[in-house]
Amino acid sequence: MQRAMWILWPSFLVAAVAEGVFFALFDPGEFTLFGRPIELSRTAMYSIGFFLFWGLGAASSGLSLFLQRGGGEIKR
């Protein structure tokens, strides 16, 4: 449980900041996919963006936690 918090809490904070910066620069109402506008509400786009950033942050934190393990922990 402690390792999960080491991964999820920092990635949550990074996702909040990344979403703020990203959506300050890009308007979710103007996004297109294969040349067609995405027909989702702004709230849905903000939510999807947040969870994508959170997933990327969690993957980064998880990989860092995995790579910092010592030889004794790996052999167990």
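Our structure is the block above this text.
Rules used in this analysis
Residue indices begin from 1 for each chain and proceed along its sequence in written order. For a predicted model such as this one, the threshold for reporting local features is a pLDDT of at least 70, and the threshold for listing and counting side-chain atom pairs is 80 or more; totals across whole chains, interfaces and linings nevertheless cover every residue. As a rule here, side-chain values cover all heavy atoms of the structure and leave hydrogens and water aside. Here a patch means residues that are over 30% exposed by relative accessible area and free of salt bridges, tied together within 9 Å if like-charged and within 5 Å if nonpolar (Val, Leu, Ile, Met, Phe, Trp, Tyr). All accessible areas in this document rest on Shrake-Rupley with a 1.4 Å probe, and a residue is counted as covered only by the protein chains that are shown. A pairing counts as a salt bridge when a side-chain nitrogen of Lys or Arg comes within 4 Å of a carboxyl oxygen of Asp or Glu. A 1.4 Å probe rolled over the protein chains alone gives each residue an accessible area, and that area as a share of the maximum for its type sets the label: buried under 20%, exposed over 50%, partly exposed in between. Only rings of Phe, Tyr and Trp enter the pairing, Trp through its six-membered ring, and a pair is recorded when the two centres are within 6.5 Å. The plane angle decides the type: under 30 degrees is stacked, over 60 is edge-to-face, the rest tilted. Helix and strand definitions here come from DSSP, where helices need a minimum of 4 consecutive H or I residues and strands a minimum of 2 consecutive E residues; each element is numbered from the N-terminal end.

Caption draft 1: Just a nonpolar patch on the surface, in detail. A cluster of nonpolar side chains, V17, V21, L25 and F26, forms an exposed patch at the surface whose accessible area comes to about 410 Å². Residue classification places V17 among the exposed residues on the basis of a relative accessible area of 56%.

Caption draft 2: The packing of aromatic side chains, seen in detail. Counted according to the given criterion, the structure contains 12 aromatic pairs. Each ring, one from W9 and one from F12, has its centre 5.6 Å from the other, and the planes form 15°; the classification is stacked. Here W9 pairs with F12, and both are found in helix α1 (residues 2-25), just 3 residues apart, close to one helical turn. Residue W9 is classed as partly exposed on the basis of its relative accessible area, which comes to 48%. Judged by centre distance (5.1 Å) and plane angle (85°), the rings of F22 and F23 are edge-to-face. Residue F22 is classed as partly exposed on the basis of its relative accessible area of 29%.

Caption draft 3: The arrangement of the pattern of salt bridges in detail. Under the counting rule described, the total for this entry stands at 1 salt bridge. Across the pair R42 and D27 runs a salt bridge whose closest N-O atoms are separated by 2.3 Å. With R42 in helix α2 (residues 42-67) and D27 in the loop between α1 and β1 (32-33), this residue pair connects regions lying 15 residues apart in the sequence. Taking relative accessible area as the criterion, R42 reaches 43% and is therefore assigned partly exposed.

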